[in-house]
There are 2 protein chains.
Amino acid sequence: MRAPYGLNILDNCLTCPTREEHLFCNLPPAAVQKLNEIRSTAVYPKSAMLFIEGQQPRGVFVLCTGKAKLSTSSAGGRTVITKISEAGDVLGLSATISNRPYEVTAEMIEPGQANFITRDALLHFLREHGEVALRVAEQLSRNYYAAYEGIRTLGLTNSPSERFAKLLLGWSNTSGNGDPLQVKLTLTHEEIAEMIGTTRETVSRLFSQFRRKQLVQLKGATLIIRNKAALEKIVNP
Amino acid sequence: MRAPYGLNILDNCLTCPTREEHLFCNLPPAAVQKLNEIRSTAVYPKSAMLFIEGQQPRGVFVLCTGKAKLSTSSAGGRTVITKISEAGDVLGLSATISNRPYEVTAEMIEPGQANFITRDALLHFLREHGEVALRVAEQLSRNYYAAYEGIRTLGLTNSPSERFAKLLLGWSNTSGNGDPLQVKLTLTHEEIAEMIGTTRETVSRLFSQFRRKQLVQLKGATLIIRNKAALEKIVNP
DNA sequence: GGCTTTTCGTGATCCTGATCACGGTGCGAT
DNA sequence: ATCGCACCGTGATCAGGATCACGAAAAGCC
């Protein structure tokens, strides 16, 4: 089955290859079956908006493939990216549960597919499947932890270089492969800047600086971590 | 009934004066009754620690009276205060639900009473009272929102004066009385600094500066907001 | 009431990162 | 090919806070 943007469409949650790993995916078959019925699915191009900060919550999106960035902006045009979401992530959960406006904007940065579940259907489903409600609470707790991690990096370390090093290390842990550690870069400097609360120029300079110090090396869109220990020392001086 | 530190002890959730307002308090009588049975209560002096960041979660605390500050620290000794909790707040909820270490330290800054519910008892209670589990999810969502608000202020406004003005306005909205708006100051400059991610000295200077500009006025421990509009202009320039 | 301890006010210095500015590079569209 | 556009690299400048330092004021404590 083919879709726009050269993607395969996943048309059944029960046979989804990443089913085991995530909330709403790793559930008793009966529940997944039910989910499979109440969801609708769509494929989104790059820079499509799933929802926008401040909108009334329509429901949740379960990202099946692709990547999305979650961000929040100020009136002054400043933006913070709070998370890069990947396959399996549930977007808009807290807003939908609590019926408050979406607290972030979700924008695709790599094209992909997402399932949508309306608020009503979700609440109805949760009431029928009490065991899943607790899972939701756990997921919300995890989100909360992640948010806290954000607060810490933004609040406890007010030097961009520290935050930058921390970000690189985070990447090397989650998506890093092999030794030397390689990470594929998908974000622009601008976006990186928005993740660590600084400016595009500073990110550029940090890259240069880290390259000069042999901490990292750049091969096209691939970042190679050359001196992990030194990076860790920057984070915890 | 009298307790140490000159406080009255509240010995029954059903007759608690703030029962109406908060999670775990505003519940069907049967549920409150049950809660009343599984909780234990204690009175804490100033600077008592309810729990410490990184500890395995023992359970949740429901603050009945007094105030507590929630903070998180880095290895480098830097500290951020993420919230000042007041009567009715539930502390340690997300850690307890998800069984991860407490993500913050909770320290009393005004003596008060707190009920404690062990993790096991809470989970058992939630499984018996399914309707409360959703309430918990809602509460977690609210916490999450609050955390987001923190990220925004720390990430979107990197000028201490902006954050300071924002903090003052926040105070005037929640605890402000009368016109001119009066707010009782209970935090030290150091603590204020930890709330807005700056240093003690900068907070001192900001107070002076705001006083010189007639934005606020200080009468002992009482802060009077003289020019709310100007403060708002600092926040949204 | 005197003692220690915490908290506050403010000056002087220094340095980092924001901001502005401009040219280079790479890539997709036509 | 080449035009256009988004992205990147780097220099120059500048201000706002962090940091250090010290004394004054206020708040607990016998």
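The model shown is predicted, which means the values in this text are computed figures rather than measured ones.

Undergrad: I'm lost on the protein's contact with DNA strand C in this one. Help?
TA: The immediate surroundings of DNA strand C are formed by 15 residues, with A:S159, A:T202, B:T188, B:H189 and B:S208 found nearest. Breaking the surface near DNA strand C down by element, the ones donating at least two residues are α5 (160-174) and α7 (200-212) of chain A together with α6 (189-196) and α7 (200-212) of chain B. Sort the elements by how many residues they give to the surface near DNA strand C and α7(B) lands first, with 5 residues. A class-by-class count of the residues in the surface near DNA strand C yields 2 nonpolar, 9 polar and 4 charged.

Undergrad: Sorry, what's going on with the sheet that holds strand β9 (residues 181-184) of chain B here?
TA: Backbone-to-backbone hydrogen bonds join strands into a sheet, with any given pair of strands oriented parallel or antiparallel. All names here are of chain B. A sheet is described by the order of its strands in space; here 3 strands give the open sequence β9-β11-β10, paired in antiparallel fashion. Edge positions in the sheet fall to β9 and β10 (216-219), since each of these pairs with one other strand and no more. Strand-to-strand twist across the sheet, computed as the mean angle between neighbouring axes with direction ignored, equals 25 degrees. Packing against the sheet, helix α5 (residues 160-174) makes contact with β9, β10 and β11 (222-225), and its axis sits at approximately 100 degrees to β9.

Undergrad: I would appreciate a short explanation of the interface of chain A and chain B in the present structure.
TA: It is common to report an interface's size as the accessible area lost on association of the parts. Counting residues at the interface gives 37 residues for chain A, matched by 37 residues for chain B. Top contributing element to the side of chain A that touches chain B by residue count: helix α4 (residues 130-156) of chain A, with 20 residues. Per-class residue counts for the side of chain A that touches chain B are 16 nonpolar, 15 polar and 6 charged.

Undergrad: For this particular structure, what's the right way to read the sheet that holds strand β8 (residues 112-118) of chain A?
TA: All names here are of chain A. Taken in spatial order, the 4 strands line up as β1-β8-β3-β6 in an open sheet, and their pairing is antiparallel. The open sheet has two edge strands with one neighbour each: β1 (40-44) and β6 (90-91). Inspection of the sheet shows strand β3 (residues 59-63) paired to β8 by 5 bridges, in the antiparallel sense. Residue pairing across strands places V60 opposite I117, the latter belonging to β8.

Undergrad: Looking at this structure, I do not really get the protein's contact with DNA strand D. What am I missing?
TA: What surrounds DNA strand D is a group of 15 residues, the closest being A:T188, A:H189, A:S208, B:S159 and B:T202. Mapped by element, the contributors of at least two residues to the surface near DNA strand D are α6 (189-196) and α7 of chain A together with α5 and α7 of chain B. Counted by class, the surface near DNA strand D contains 2 nonpolar, 9 polar and 4 charged residues.

Undergrad: For this particular structure, what's the right way to read the relation of the copies chain A and chain B?
TA: Related by rotation about an axis and a shift along that axis, the two copies of the chain form a pair. For these two chains of identical sequence, chain A goes onto chain B by a turn of 180 degrees and a shift of 0.0 Å along the axis, with RMSD 0.0 Å. As the rotation angle and translation indicate, the two copies are arranged about a two-fold axis. Both copies contact each other with a shared surface, as 100% of the interface residues of chain A are interface residues in chain B too.

Undergrad: Where do I start with the environment of B:S40 in this structure?
TA: Residue and element names in this part refer to chain B. Counting through the fold element by element, S40 comes out in strand β1 (residues 40-44). Judged by the 11 C-beta atoms lying within 10 Å of it, S40 is exposed. S40 sits 191 residues away from L231 along the chain, and the two C-alpha atoms are 44 Å apart.

Undergrad: Sorry, what's going on with the pairing of strand β3 (residues 59-63) of chain B here?
TA: A regular strand places its side chains so that they alternate between the two faces of the sheet. Residues and elements named next belong to chain B. Across the 5 residues that make up β3, a large majority, 5, are buried. Bridge count for β3 against strand β6 (residues 90-91) is 2 bridges, and the pairing is antiparallel. Directly across from F61, in β6, lies its bridge partner L91.

Undergrad: Before we go on, may I ask you to explain the nonpolar core in this structure?
TA: Soluble, globular proteins show a tendency: their nonpolar side chains are buried together. A:V136, A:A137, B:V136 and B:A137 are the most contacted members of the largest nonpolar core, which totals 122 residues. Those residues in contact with A:V136 that lie beyond four places of it in its chain are A:L93, A:I97, A:L126 and B:A137.

Undergrad: Explanation requested: the packing of α4(A) against helix α4 (residues 130-156) of chain B in the structure shown.
TA: Geometrically, a packed helix pair is captured by the angle between its two axes and the distance between the axes. Look at α4(A) against α4(B): their axes get within 9 Å of each other, and the N-to-C directions meet at 15 degrees. When the interaxial angle is binned, α4(A) and α4(B) end up roughly parallel. Crossing angle aside, the handedness with which α4(A) passes α4(B) is left-handed. Its residues assigned to classes, the contact of α4(A) with α4(B) shows 20 nonpolar, 10 polar and no charged.

Undergrad: I'm lost on the environment of A:V132 in this one. Help?
TA: Residue and element names in this part refer to chain A. Here V132 shows up in helix α4. Look at V132 and you get buried, because 21 C-beta atoms sit within 10 Å. Discounting chain neighbours no more than four positions away, the residues touching V132 are L27, A31 and L126.

Undergrad: Any chance you could explain the domain arrangement of chain A here in plain terms?
TA: Residue and element names in this part refer to chain A. You can read the domains of chain A as domain 1 (4-156) and domain 2 (160-235). Summarising the inter-unit geometry, the C-alpha centres of domain 1 and domain 2 are found 27 Å apart. The interface of domain 1 with domain 2 comprises 9 residues on the first partner and 7 residues on the second. In terms of residues, the side of domain 1 that touches domain 2 owes the most to one element, strand β5 (residues 79-85), which gives 3 residues. Within the side of domain 1 that touches domain 2, the residues separate by chemical class into 4 nonpolar, 3 polar and 2 charged.

Undergrad: What exactly am I supposed to notice about the environment of A:L154 here?
TA: One can find A:L154 in helix α4. By the C-beta count within 10 Å, which is 25 here, A:L154 ends up buried. For the pair formed by A:L154 and A:G197, sequence separation is 43 residues and the distance between their alpha carbons is 7.2 Å. Apart from the residues lying within four places of it in its own chain, the contact partners of A:L154 are A:G197, B:I151, B:L154 and B:G155.

Definitions and cut-offs
- Starting afresh in each chain, residues are numbered from 1 along the sequence in its written order.
- Lettering for chains starts from A, numbering for ligands starts from 1, and both go in the order in which the items are written.
- Given that this is a predicted model, residues contribute local features only at a pLDDT of at least 70 and side-chain atom pairs are listed and counted only at 80 or more, while totals for whole chains, interfaces and linings are drawn from all residues.
- In this analysis, residues qualify as near a molecule or strand once their C-beta atom, positioned from backbone atoms, comes within 6 Å of it.
- We count a stretch as a helix when DSSP gives it H or I for four or more residues in a row; a strand needs E for two or more, and each element gets its number in order from the N terminus.
- Basically, the charged four are Asp, Glu, Lys and Arg, the nonpolar ten are Ala, Val, Leu, Ile, Met, Phe, Trp, Tyr, Cys and Pro, and anything else, Gly included, counts as polar.
- Paired strands, as defined in this entry, are two strands with at least two bridges between them according to DSSP.
- Between N-to-C directions, angles span 0 to 180 degrees; the directions come from axes that are lines fitted to C-alpha atoms, helices contributing only their stretch in contact.
- Each residue is represented by a C-beta atom placed from its backbone, and any two residues with such atoms within 7 Å are regarded as in contact.
- Least squares is the method used to superpose the copies, on C-alpha atoms of residues holding a pLDDT of at least 70 in both.
- Note on burial: count the other C-beta atoms lying within 10 Å of the residue's C-beta; 20 or more is buried, 12 or fewer is exposed, in between is partly exposed, and C-beta positions come from the backbone.
- We call a set of buried Ala, Val, Leu, Ile, Met, Phe, Trp, Tyr and Cys residues a nonpolar core when their C-beta atoms link them within 7 Å.
- In this scheme, roughly parallel covers angles under 35 degrees and roughly antiparallel covers those over 145, while 65 to 115 is roughly perpendicular and the rest are oblique.
- Left-handed is the label given to a crossing in which the near helix is rotated counterclockwise from the far helix by less than a right angle, and right-handed is the label when the rotation is clockwise.
- Start and end positions for the domains come from either an automated domain assignment or a database one.

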